[in-house]
Amino acid sequence: MDHVLIVDADIDSATMLRGLVASQQFSVAVAHSLRDARRQIILQTPQLIFLDSMLPDGNGFDLLSENEARLPPKLVLMTSNASLDSAVEALRMGAMDYLVKPISPSRVEFFLSGLHGDKKPHEEPEKPGRFGKMWGTSAPMKKVYEQIERVATTSITVLVTGESGTGKELVAQTVHELSSRKDMPFLAVNCGAISPNLIESEIFGHEKGSFTGAERQHQGFFERAAGGTLFLDEVTEMPLDLQVKLLRVLETGRFMRVGSTQSRQADVRVVAATNRVPEQAVAEGKLREDVFYRLNVFPIELPPLRDRLSDLPLLATHFLRDVCEQEGRAKEFSEAALNQLSLYPWPGNVRELRNAVQRAYVMAPGQLIGPEWLPVADDLTSLKAGESQRPLERRQGPEALGVLSAQSAGNTENVTEVHVPIGFTMDQAEKMLIQATLKQCLYQKERTAAVLGISLKTLYNRLKSYRANNEGVEKL
Ligand SMILES: Nc1ncnc2c1ncn2[C@@H]1O[C@H](COP(=O)(O)OP(=O)(O)O)[C@@H](O)[C@H]1O
Ligand SMILES: [Mg+2]
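Residues numbered from 1 in each chain as written. Chains lettered and ligands numbered in written order. Predicted model: local features only at pLDDT ≥ 70, side-chain atom pairs only at ≥ 80, totals over all residues.

A. Representation of the overall build of the chain within the structure. A count of helical and extended segments in the chain gives 19 helices and 18 strands. Each of the 476 residues in the chain was classed as buried or not, and the buried ones make up 35%. Residue pairs in contact within the chain that sit at least 24 positions apart in sequence constitute 67% of those at least 6 positions apart. (Helix = DSSP H or I, 4+ residues; strand = E, 2+ residues; numbered from the N terminus. Buried ≥ 20, exposed ≤ 12 C-beta atoms within 10 Å, placed from the backbone. Contact = placed C-beta atoms within 7 Å.)

B. Up close: unusual backbone geometry. The backbone of Gln25 shows a phi angle near 65°, a positive value even though the residue is not glycine. The exposure class of Gln25 is exposed, given the 10 C-beta atoms found within 10 Å.

C. Spatial organisation of the site of ligand 1. Taken together, the neighbourhood of ligand 1 is formed by 15 residues, with Trp135, Gly167, Lys168, Glu169 and Val350 sitting nearest. Broken down by secondary-structure element, the contributors of at least two residues to the shell around ligand 1 are β9 (134-135), α7 (168-177) and α15 (349-363). Its residues assigned to classes, the shell around ligand 1 comprises five nonpolar, six polar and four charged. Counting the residues that make up the shell around ligand 1, at least three belong to each of domain 2 (139-303) and domain 3 (306-375). (Near = placed C-beta within 6 Å. Nonpolar A, V, L, I, M, F, W, Y, C, P; charged D, E, K, R; others polar. Domains from an automatic or database assignment.)

D. Fine view of the sheet that holds strand β3 (residues 48-52). With parallel pairing, five strands are arranged side by side in an open sheet as β2-β1-β3-β6-β7. Looking at which strands have only one partner, the edges of the open sheet turn out to be β2 (27-31) and β7 (97-100). Strand-to-strand twist in this sheet, taken as the mean axis angle between neighbours without regard to direction, amounts to 20°. Bridge count for strand β1 (residues 3-7) against β2 is five bridges, and the pairing is parallel. Bridge pairing in β2 places Ile6 opposite Val30. (Pairing = 2+ DSSP bridges. Axes fitted to C-alpha atoms, helices over the stretch in contact; angles between N-to-C directions.)

E. Region of interest: the confidence of the model for the chain. Here the chain averages 82 in pLDDT, while 83% of its residues score no lower than 70. This stretch, residues 118-127, has a pLDDT under 50; its non-local contacts, to residues over four places away or in other chains, come to five contacts. In the predicted structure, residues 472-476 sits below a pLDDT of 50 and forms seven contacts with residues beyond four places in sequence or in another chain. (pLDDT = per-residue confidence, 0-100.)

F. Representation of the sheet that holds strand β10 (residues 158-161) within the structure. Strand order across the open sheet formed by five strands is β11-β12-β15-β10-β16, with parallel pairing between neighbours. Each edge of the sheet is formed by a strand with only one pairing partner; in this case those strands are β11 (186-190) and β16 (298-301). On average, adjacent strands in this sheet sit at an angle of 20° to one another, irrespective of strand direction. Pairing of β10 with strand β15 (residues 269-274) involves four bridges; the strand directions are parallel. Residue Leu159 lies in a different strand from β15, and its bridge partner there is Ala272. Across the sheet, α7 is in contact with β10, β11, β12 (229-233), β15 and β16; its angle to β12 comes to roughly 165°.

G. Region of interest: the packing of helix α17 (residues 426-440) against helix α18 (residues 445-452). Direction vectors running N to C along α17 and α18 enclose 130°, while the axes themselves pass 9 Å from each other. Judged by the angle between their axes, α17 and α18 are oblique. For α17 against α18, the interelement crossing comes out right-handed. Each of Ile434, Thr437 and Leu438 in α17 lies in contact with α18, whose residues at this interface are Thr448, Val451 and Leu452. Of the residues in the contact of α17 with α18, the class split is four nonpolar, two polar and no charged. (Parallel < 35°, antiparallel > 145°, perpendicular 65-115°, else oblique. Left-handed = near helix turned anticlockwise from the far one by under 90°.)

H. Fine view of the pairing of β1. Across the five residues of β1, four count as buried, placing the element largely inside the fold. Once the chain exits β1 it traverses helix α1 (residues 11-23) before rejoining the sheet at β2, and the crossover so formed is right-handed. As judged from the four bridges shared by β1 and β3, these two strands associate in the parallel manner. Each residue of the ladder has a partner; that of Ile6, found in β3, is Phe50. (Right-handed = clockwise from strand over helix to strand, strands pointing away.)

I. Summary view of the environment of Thr274. With respect to the secondary-structure elements, Thr274 resides in strand β15. Taking C-alpha positions, Thr274 is 6.6 Å from Thr236, a pair spaced 38 residues apart along the chain.

J. Main features of the environment of Met184. You can see Met184 is positioned in the loop between α7 and β11. On the neighbour-count criterion, Met184 (17 C-beta atoms within 10 Å) is partly exposed. Along the primary structure Met184 and Ala226 are separated by 42 residues, whereas in three dimensions their C-alpha atoms are 7.6 Å apart.

This is the structure we're talking about:
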């Protein structure tokens, strides 16, 4: 039978907890001080500790920090004030969650049920190498998995950072799936893709007649995600005045529809993401500092794919297996192909790898896919340097290689260099480079942004401004 230790100076609340825990078929011990707790831990190692932060002979944190080896994997900190700082500190120090007193019996039961089953969906021995839908076993990814696991069972706001294509949305989904909200909606909003005029009503909803065109009442994402998780992607692209409103929901759990003065309760777990460095976005005035601190309670940083090269074969094999299943024909990578993956820097990260694998599957004629079907670093450097002498057989079909395929696709206007005469402004130079790269990338905007080293959002903004100024850019 599993053993639970309750460390609480308050006799009433300790007794209540003891009753709850015992009723769930656990053995239970109670301690009223740190000294008592240390003794109890030596007597019988608990699988779970409910630990009060304020004890007569010290702070619950002392126990957390002093002897990690002897502590159980699961520890829930109980605090009497809802101070975010102490909660965050508890999580950072290894607590799996925190409870604010007075304690809700249903939350306690939730923890205990997790302890009984000890269900960890990612620990399926027959399928190694992944955590839920996330593949990869590199050290930085293992750290990400640990962070996800730690934060998922709480309702704390999560901020996911990382370059485009590193898996930020997948992290948000995984947090949702491992949380008690998993049977409720998961909604993703790209704050950079919604027009600034509509974004407030999309997020918070509006009342009928609140603005021209608001013909009926509309529920925003905060209402539609009720009970579930709201993923705010590209959160730095949210207009600043709306960030104030976001801050209010995050702080008070309440919001108002556009055109209404009635505040509503938001039962939503927020996961936000950005491919910018958030501190930099704050410095540039794109992200309000107070919103940043509020979102950054629990940051998860996704490393670029080039910093976890050891995951490449596993990811590539996984994506290939997916296409094979879809297309109904089995193919596999040669060893040389798998080895070659690490020679390419993957500026578009996992998304680019997935696309490259799909392309290789389509292009390779035989059952074995050799290295010639995969991108190499030259594709990027030659593009930048303006010399693109790659063997022709690799460039069959417009999709074969993305950037360089323009040549064999018969694009006579193929441009691999941009000449900028002195006298041009930075803006003009930038525009020329963007247009040339866009053309070279066959108008695939994601790839273009990756090659240019800018966010997709920035690319969209530039293109929009060219269009607005009537400076024609074809094929948008
Ligand atoms: N670790 C991973 N394992 C498997 N697939 C992944 C992984 N990371 C990302 N992907 C896949 O790569 C693509 C891009 O991921 P996404 O979460 O949309 O990235 P981001 O939001 O950072 O741009 C998606 O198809 C996603 O499923
Ligand atoms: Mg994304």
